[in-house]
Amino acid sequence: MDRFGGCWAALRAAVAGLDDQQFDRPSGCAGWLIRDLVCHLIIDAQDVLITLATPDDSPPTRNAVTYWEVAEALPPDDPVDPLSALTVRLAAAYGDPSLLKFHLDDVGSAAGRAAALADPEARVGTRGQVLTVRDYLGAYVLEWTLHHLDLIAHLPDTAPPPAEGLAFSRKLLESIAGSPLPASWPDADALLVGTGRRPPTPAEEADLVTSDARVPVFLS
């Protein structure tokens with residue numbers, strides 16, 4: 001629970017420290033500017049609030065690992081996802097980046113407080129599945145950490161995700177992928193290569209040849 005709060009607070013602080021011009025820089029999410037990514041974070045924060053307010057007494061059907069839908073490759077000629085297209089239009093409608101910052105701080109702070117107050121063993125419903133709060137928030141540690149890496153992809157002076165969140169997210173990704181990533185890889189590189197956010201370097205390609213890792217995996 002504390003890990004969720006720490007990763008989320010660090011990501012919101014990184015957004016709060018951006019200047020207006022940086023919102024027009026590309027993010028690590030293909031096709032999205034930073035303003036689009038921040039708008040997506042607002043939608044994510046709303047989802048957290050909705051899910052934590054949606055109790056479900058049914059037995060859990062997913063955990064932090066199986067929460068994710070996984071594909072080994074992006075489908076060819078995949079049309080633009082309607083929600084992604086809506087996110088871009090909504091981000092542009094904000095106009096002033098300070099409005100994006102304000103909305104993320106407002107809704108994001110509420111999501112953080114709700115998570116801190118939630119019973120870890122309570123069960124909640126989301127996406128047609130049931131998880132414990134602990135597992136749901138654990139899945140979101142990976143979400144926040146990946147998006148923090150997306151945020152700083154072209155902003156080398158912006159603070160990285162917390163080390164604890166990187167280490168936890170790497171272990172979670174390895175569980176999702178079904179095999180460990182090369183131990184010599186730093187956690188951030190393991191997450192970037194493991195989720196297809198960047199191609200492996202020649203040295204990393206050589207490491208993969210001698211490992212059982214089957215990456216990248218694409219998460220949704």
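Everything below is about the structure shown above.
Residues numbered from 1 in each chain as written. Predicted model: local features only at pLDDT ≥ 70, side-chain atom pairs only at ≥ 80, totals over all residues. Heavy atoms only, no water.

1. Side note on the overall build of the chain
- Of regular secondary structure, the chain possesses eight helices and four strands.
- Secondary structure elements of the chain, listed N to C terminal, follow the sequence α-α-β-α-α-β-β-α-α-α-α-β.
- Rg of the C-alpha trace for the chain: 17 Å, near the compact-globule value of 17 Å for 220 residues, within the 12% margin.
- Along the first, second and third principal axes, the C-alpha atoms of the chain reach 45 × 45 × 35 Å.
- For the chain, long-range pairs separated by at least 24 residues make up 70% of all intrachain contacts whose partners lie at least 6 apart in sequence. (Helix = DSSP H or I, 4+ residues; strand = E, 2+ residues; numbered from the N terminus. Rg over C-alpha atoms; globule rule 2.2 N^0.38 Å. Contact = heavy atoms within 4.5 Å.)

2. Looking at the packing of helix α1 (residues 2–16) against helix α4 (residues 97–117)
- Look at α1 against α4: their axes get within 10 Å of each other, and the N-to-C directions meet at 170 degrees. In terms of their interaxial angle, α1 and α4 are classed as roughly antiparallel. Facing α1, whose interface residues are Phe-4, Trp-8, Arg-12, Val-15 and Ala-16, α4 presents Lys-101, Leu-104, Gly-108, Ser-109, Ala-111, Gly-112 and Ala-115. (Axes fitted to C-alpha atoms, helices over the stretch in contact; angles between N-to-C directions. Parallel < 35°, antiparallel > 145°, perpendicular 65-115°, else oblique.)

3. Quick look at the packing of aromatic side chains
- As enumerated under the stated definition, the model contains six aromatic pairs in all.
- Ring centres of Phe-4 and Trp-144 lie 6.0 Å apart, and the angle between their planes is 55 degrees; this geometry places the pair in the tilted category. Residue Phe-4 is found in helix α1, and its partner Trp-144 is found in helix α5 (residues 133–151); the two are separated by 140 residues along the sequence. Comparing Phe-4 with Trp-144, the two get one shared label, buried.
- An aromatic cluster of at least three residues, connected via ring pairs, comprises Phe-4, Trp-8, Tyr-67, Trp-68, Tyr-136, Tyr-140 and Trp-144.
- In this structure, Arg-127 packs its charged tip against the face of Tyr-67, placed 4.2 Å from the ring centre. (Phe/Tyr/Trp six-rings, centres within 6.5 Å; stacked < 30°, edge-to-face > 60°. Buried < 20%, exposed > 50% of the residue type's maximum accessible area, 1.4 Å probe, protein only. Lys NZ or Arg CZ within 6 Å of the ring centre and 35° of its normal.)

4. Notes on the side chain of Asp-44
- You can see Asp-44 is positioned in helix α2 (residues 34–52).
- Among buried Asp, Glu, Lys and Arg side chains, Asp-44 stands out as unpaired, with Arg-127 the closest opposite charge at 8.4 Å.
- Those residues in contact with Asp-44 that lie beyond four places of it in its chain are Tyr-140, Glu-143, Trp-144 and His-147. (Lys, Arg positive; Asp, Glu negative; His and termini not counted. Salt bridge = Lys/Arg side-chain N within 4 Å of Asp/Glu carboxyl O.)

5. Points about the pairing of strand β3 (residues 129–132)
- In this sheet, β3 lies alongside strand β2 (residues 123–126) in antiparallel orientation, the contact comprising four bridges. Counterpart to Gly-125 in the pairing with β3 is Val-130.
- Linking two consecutive strands that pair antiparallel, namely β2 and β3, is a turn of two residues; a positive phi of about 55 degrees is found at Arg-127 within it. (Pairing = 2+ DSSP bridges.)

6. So, the environment of Thr-87
- For Thr-87, the position within the fold is in helix α3 (residues 82–94).
- Sequence-wise, Thr-87 and Thr-145 are 58 residues apart; in three dimensions their C-alpha atoms are separated by 20 Å.
- Leaving out residues up to four positions away in the same chain, Thr-87 has contacts with Trp-32, Asp-36, Cys-39, His-40 and Ile-43.

7. Remarks on the pattern of salt bridges
- Within the structure shown, the criterion is met by nine salt bridges.
- One salt bridge in this structure joins Glu-164 and Arg-3, with 3.5 Å as the shortest N-O distance. In this pair, Glu-164 is assigned in helix α6 (residues 163–177) and Arg-3 in helix α1, connecting sequence segments 161 residues apart.
- Assessed through its relative accessible area of 29%, Arg-3 is described here as partly exposed.
- The shortest N-O distance in the salt bridge between Arg-134 and Glu-121 comes to 2.5 Å. Within this pair, whereas Arg-134 is found in helix α5, its partner Glu-121 is found in the loop between α4 and β2, the two being separated by 13 residues in sequence.
- With a relative accessible area of 43%, Arg-134 lands in the partly exposed category.
- Classification of Glu-121 as partly exposed rests on a relative accessible area of 48%.

Shape is all these values report; function is a separate question.
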